[in-house]
Amino acid sequence: MPRSIRWEAALGASVVIAVLAATSSGCEKKADAASGRDLFANTCARCHGMEGAGGPPAFAGGPSPRNFRDHAFHGERTDEQLKLTIVNGKGAAMPAFGTMFSEAQLQALVAHVRSFDPQRTGP
Ligand code: HEC
């Protein structure tokens, strides 16, 4: 039945169009913000806390995980520096994540770290 085959093809095409529309840039932005929170919760919160307030040192005598609720800290670091810390780590206590995160994920993580600043003025 050639008629019904044509219908199926048309239906298939519209599903593809719907999927393409759903992955357009507008949605991507939202997904990044959400994934920054998820990535932080899964990978960073065990040391830095869910609310970014830091926590006890990972080992006796080691430095405390940075408190991201400290407004002054945000003024002392550029986004690029935060990104490099995630990639390269810091000292013996902050692990280097290397290539674990994509560029987009790094940006989402930096944005999430910035969102803890209590006096944040940017968007
Ligand atoms: C095993 C515990 C641990 C984990 C997991 C961890 N951190 Fe850290 N982080 C630390 C410690 C400890 C410091 C302080 C290091 C120092 O000052 O020498 C720190 C410092 C930092 C700093 C500040 C560096 C600076 O410029 O002073 C940033 C930014 C940071 N961490 C981001 C992250 C992010 C984002 C994640 C998750 C991807 C993460 N950390 C995961 C322990 C951790």
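Only a predicted model underlies this, so the values are computations on that prediction, with no experimental measurement involved.

Q: I would appreciate a short explanation of the packing of helix H5 (residues 79–88) against helix H6 (residues 103–114) in the present structure.
A: Relative placement of two packed helices is described by the angle separating their axes and the distance separating the axes. Across the interface, H5 lies against H6 with an axial gap of 10 Å and an inter-helix angle of 115 degrees. Note on packing geometry: the crossing formed by H5 with H6 is right-handed. Contacts between H5 and H6 involve Asp79, Leu82, Lys83, Ile86 and Val87 from the first element and Glu103, Leu106, Gln107, Leu109, Val110, Val113 and Arg114 from the second. Broken down by class, the residue content of the contact of H5 with H6 amounts to 7 nonpolar, 1 polar and 4 charged.

Q: Please explain the site of the ligand as it appears in this structure.
A: Around the ligand lies a shell of 21 residues, among which Cys44, Cys47, His48, Arg77 and Met94 are the nearest. Contacts to the ligand include Arg66, whose side-chain N or O atom sits 3.5 Å from an oxygen atom. One of the side-chain nitrogen or oxygen atoms of Lys90 is found 3.0 Å away from an oxygen atom of the ligand. Under a 2 Å grid-point criterion requiring more than half of the atoms, the pocket assigned to the ligand is the largest pocket.

Q: Quick question: what am I supposed to make of the pattern of salt bridges here?
A: Close approach of charged atoms allows side chains of opposite charge to pair. Inspection of every chain in the model, using the stated rule, returns 3 salt bridges. In this structure, Glu103 and Lys83 form a salt bridge, with 2.7 Å as the shortest nitrogen-oxygen distance. With Glu103 in helix H6 and Lys83 in helix H5, this residue pair connects regions lying 20 residues apart in the sequence. A single salt-bridge network, built from bridges that share partners, covers Glu80, Lys83 and Glu103.

Rules used in this analysis
- Residues numbered from 1 in each chain as written.
- Predicted model: local features only at pLDDT ≥ 70, side-chain atom pairs only at ≥ 80, totals over all residues.
- Heavy atoms only, no water.
- Axes fitted to C-alpha atoms, helices over the stretch in contact; angles between N-to-C directions.
- Helix = DSSP H or I, 4+ residues; strand = E, 2+ residues; numbered from the N terminus.
- Left-handed = near helix turned anticlockwise from the far one by under 90°.
- Contact = heavy atoms within 4.5 Å.
- Nonpolar A, V, L, I, M, F, W, Y, C, P; charged D, E, K, R; others polar.
- Near = heavy atom within 4 Å.
- Polar contact = N/O pair within 3.5 Å; in protein donor to acceptor, adjacent residues only side chain to side chain.
- 1 Å grid on protein atoms, 1.4 Å probe; cavity = no way out; pocket = protein on both sides within 12 Å on 5 of 7 lines; lining within 4 Å.
- Sits in = over half its atoms within 2 Å of the grid points.
- Salt bridge = Lys/Arg side-chain N within 4 Å of Asp/Glu carboxyl O.

Limitation: the analysis is restricted to geometry and does not speak to function.
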